[in-house]
Amino acid sequence: TGQYAEQALLDVMYAQYENGTFELAAASAEQFIRLYPSNPQISYAYYVRGVANMEGSSDGLRLFKLNQAERDTAYLRIAFANFQELINKYPNSPYSPDAAQRMVFIYNQFAESELTAANWYIEREAYVAAVNRAKWVVQYYPLSDSVPEALAMLTYSHKQLGITDLAQEYQTLLRINYPNWLTDDGRVKLDT
């Protein structure tokens, strides 16, 4: 306790993040938020909590430089909620614009994660499961960068299942909106 306790906790939080102990940094940020809700630096604590959660926890996964979409997205979901809370409570914070950009990145990671699963199903010829994952992207992440690939997977999987009318509809959507996902002879690039 004392006049330097609040600043000390902010410094500890920063040091933990810089040291790569992200779970500790998130816990310190959580503690700061709980103990000092009226501190002028409270939005910084919200921001650090989100960034630390965005990094996740597994040291082993960081060693191999895996794409975040190819691993468990639980920490990304927590970080997304953290950033959303920051923006809702402190829209004029200097950290809000970066938090918003990070939310867009995470949103795209969620969609990419679904496509990773859909691709895994396609490789195993489980086309119904692939269709469900690709549909999820189109329905729940319609603004993501993964929509063209999801439409290509829907086209390909429906062709493989023999549902040609739906396959043709998705192929038409690709032709109109994302022609670079079709080959010169009009086939979906996943066919090749």
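Only a predicted model underlies this, so the values are computations on that prediction, with no experimental measurement involved.

Caption draft 1: Summary view of the overall build of the protein. Scanning the protein for helices and strands turns up 9 helices and 0 strands. Looking at the protein as a whole, 41% of its 192 residues are labelled buried. Taking the intrachain contacts of the protein between residues at least 6 apart in sequence as the baseline, contacts between residues at least 24 apart amount to 53%. As presented, the protein carries roughly 10,800 Å² of accessible surface, and 53% of it is formed by carbon and sulfur atoms.

Caption draft 2: Quick peek at a nonpolar patch on the surface. On the surface, Val128, Leu161 and Ile163 cluster together into a nonpolar patch covering about 230 Å² of accessible area. With respect to the helices and strands, the residue Ile163 is situated in the loop between helix H8 (147-161) and helix H9 (164-177). On the basis of relative accessible area, Ile163 is assigned to the partly exposed category, the value being 34%.

Caption draft 3: Representation of the packing of aromatic side chains within the structure. Going through the model one piece at a time under the given rule, you end up with 12 aromatic pairs. A ring pair is formed by Tyr47 and Phe83, whose centres lie 6.3 Å apart and whose planes are at 45 degrees; its orientation type is tilted. Here the residue Tyr47 occupies a position in helix H3 (residues 42-55), and Phe83 occupies one in helix H5 (residues 74-89), the gap between them amounting to 36 residues. Residue Tyr47 shares its accessibility class with Phe83, and that shared class is buried. Of the aromatic side chains, those joined through ring pairs into one cluster are Tyr44, Tyr47, Phe83 and Tyr95. Positioned above the aromatic ring of Phe110 is the side chain of Arg77, whose terminal nitrogen or guanidinium carbon lies 4.2 Å from the ring centre.

Scoring rules and cut-offs
- Residues numbered from 1 in each chain as written.
- Predicted model: local features only at pLDDT ≥ 70, side-chain atom pairs only at ≥ 80, totals over all residues.
- Heavy atoms only, no water.
- Helix = DSSP H or I, 4+ residues; strand = E, 2+ residues; numbered from the N terminus.
- Buried < 20%, exposed > 50% of the residue type's maximum accessible area, 1.4 Å probe, protein only.
- Contact = heavy atoms within 4.5 Å.
- Areas by Shrake-Rupley, 256 points an atom, 1.4 Å probe, with all protein chains shown as cover.
- Patch = residues over 30% accessible without salt bridge, like charges linked within 9 Å, V, L, I, M, F, W, Y side chains within 5 Å.
- Salt bridge = Lys/Arg side-chain N within 4 Å of Asp/Glu carboxyl O.
- Phe/Tyr/Trp six-rings, centres within 6.5 Å; stacked < 30°, edge-to-face > 60°.
- Lys NZ or Arg CZ within 6 Å of the ring centre and 35° of its normal.

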